[in-house]
Amino acid sequence: MGNTVQGYGGSQLHCEANQIVIRLPRQVFGEAWVDLRTRLLEAMGQQQVIFSPQRTMTERGEGDEAPRWKSTGFDVLSWVLFLLKVPVEHELVALWQTIPWTTVNQLCAPLYRNAHGGRHAWAPAQMVAILMLMFLYGVAYETRTLAWVKENVVWCWFCGLGLFGPWPNRNALYDFRQRVGPELFEEVLTLAVWACVEAGLVSNLLVSFDLSSVVASGHRWSPYERAVILTKALIRYLELCWIEQRPEEPMPETLRKLAAEVALEVLPHKALKRVKPERVVESVGQWDDQSDAQEPPWQEVVKGTVEAVHLEEKPIEDSLLEVTAEAVRPKLVRVANKLMVRLPHTRGDLDARVGRTTDCTWFCGYLIGFVVDSLCHIITAVVLVAGNAKQFKLFPPAVDAHRQRLGAPKAVAIDSAFDIPDIHTYLDRHHIEGHVTSRDHVTPVDGGYGTDRLEWDEECWILRCPNQTPLKPKGKTWQGKQTYVGTACHECRRYKDCRPNGQGEPKQFTLNPVTHRRWQENRKHCLTEEYKAAQERRFVEEGRFGLAKMNHHGAKAPYRSEDMNLIAALMMAIVMNYRILAQHQQQERSATN
């Protein structure tokens, strides 16, 4: 016995104790019946994998040591609904057919040890599929992505899950990311890049590299809060030094005030200029009084960082009780600069750092860099570091990652942030033509001519001033730099422009001859049509960052550590590359048909 519900066209739903029986006569479908029946018979006869992706995504690998994946099988109702409600022309259908899911499982297999016992694991292919949905459509959180997978028929199908479960939870995704780390996602990006190469979407003739800021998912410390934290760290450092000298006596308040003075001096923010050291010391005491029994993670990091710096620094030989504040200040400033780089800048993400994208724009988070092939906008390499890193230092590792995948590109286009000797040396060493925007030289304090107005005579390599008069070297070189002095300044018609505050004495310029010659060569190259064409392509590739920020979590980091946010950056590149590849393959199929 059971309950029965009658529906339109003679349809019925009969619910019994152990089963549900659904009856759908042809009248329910009307004119669509013939097409529907044909599709069902074809799919049943061919056992089409496209309508049961779970079979592909959870298939166990070969060998006795192959991990065992969770495989519940598709129920018939899910299979029919997928057949009816997943449009063949849907973007996710094309994307699913593009990705080598079996290879993803094979890459992860060595990290699992459940071949002979233990619980079955969620297939890595399914975990990657869920993350792809999150980054493809910019879903804010993994928990929300999982909720939408349960609600959206196409999403559920894409992940190889049945409509009635079971479904992975947020802990399964977290454990998967922690288990495989960024290395797996680097491999998946390599698969995507190689697939694009085989499809003719990558030329490796011209690539561009640029960086963009990603704001951290955490509370950014205000300048005053950073001053309090740095002061707290300096006080702890002085306490460690004091204990070594006078373990039985309390540390005097003057040293606490000195720590606050140094912290305010070192932190570069105008909001701190009017803050008094006594107020900062008072705030440190209030924070200590409010601390819970279980310290937050950032306080543990502060203590560990101070202890590490204390071990690195030489001990203070003079007695802290007798030495003057001015004698201790230089050492304390050096310690403060070390601590400022290592201490956390946010509450919630201990790896994020405050940095600058321009001379006046500050942010707290990470810098993400893409190497982009100019043919079809394929991202070939990704780097991510804390926001306070020097931008030019990211270029070599990014291009190295590109070279490992595709070999050295013929040429690279980059902006003026990379017009420095180290980058030119790197390009020359790897025989890569550089289209580097020329960097402006620093203008002298007096407003006169700088080193950018000097020019080398390429025939004899003599340095000439703006009036084409030879300059002569003065003294010895120091750290590669040489001082040059004007030889006819007293009779030069440009003297007042060259040295506005001068009284007739010769103008002096200090520069690195090798670096300056290379800069001059690059400046001349910037006038060529080849350079202009390459930079135009670079401007187009900057759209990758716009898309990433608008659609793929490129504006705000979804995770709270550097390793996990590197995974996020790699996922951005993976989904953007596979989307281009899927669209290309769809166009090819349409042209063939």
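Here, every reference points to the structure presented above.
Summarised in this report is the structure supplied together with it. (Residues numbered from 1 in each chain as written. Predicted model: local features only at pLDDT ≥ 70, side-chain atom pairs only at ≥ 80, totals over all residues. Heavy atoms only, no water.)

### Considering unusual backbone geometry
1) Next: Cis rather than trans, the peptide bond between G165 and P166 has omega equal to 0°.
2) Next: Non-glycine residue H431 carries a positive phi angle of around 55°.
3) Next: Residue placement: H431 occurs in the loop between helix 16 (421-429) and strand 11 (433-436). (Helix = DSSP H or I, 4+ residues; strand = E, 2+ residues; numbered from the N terminus.)

### Thoughts on the pattern of salt bridges
1) Next: Applying the stated criterion across every chain, the model contains 24 salt bridges.
2) Next: The residue E186 makes a salt bridge to R405 at a minimum N-O spacing of 2.6 Å. In this pair, E186 sits in helix 9 (residues 170-198) while R405 sits in helix 15 (residues 395-406), placing the two residues 219 residues apart along the sequence.
3) Next: Note on R405: relative accessible area 11%, which makes it buried.
4) Next: We note a salt bridge from R518 to D428, for which the minimum N-O separation is 3.4 Å. With R518 in helix 18 (residues 513-525) and D428 in helix 16, the pair connects residues that are 90 residues apart, well separated along the chain.
5) Next: Given the relative accessible area of 24%, R518 is considered partly exposed. (Salt bridge = Lys/Arg side-chain N within 4 Å of Asp/Glu carboxyl O. Buried < 20%, exposed > 50% of the residue type's maximum accessible area, 1.4 Å probe, protein only.)

### Description of the sheet that holds strand 2 (residues 12-15)
1) Next: Across the sheet, 3 strands lie side by side as 1-2-3; this open sheet has antiparallel pairing. Each having just a single partner strand, strand 1 (3-6) and strand 3 (20-23) make up the two edges of the open sheet. On average, adjacent strands in this sheet sit at an angle of 10° to one another, irrespective of strand direction.
2) Next: As defined by bridge partners, strand 1 adjoins strand 2 across 4 bridges and the pair is classed as antiparallel. Residue pairing for strand 2: Q6 is matched across the bridge by Q12. (Pairing = 2+ DSSP bridges. Axes fitted to C-alpha atoms, helices over the stretch in contact; angles between N-to-C directions.)

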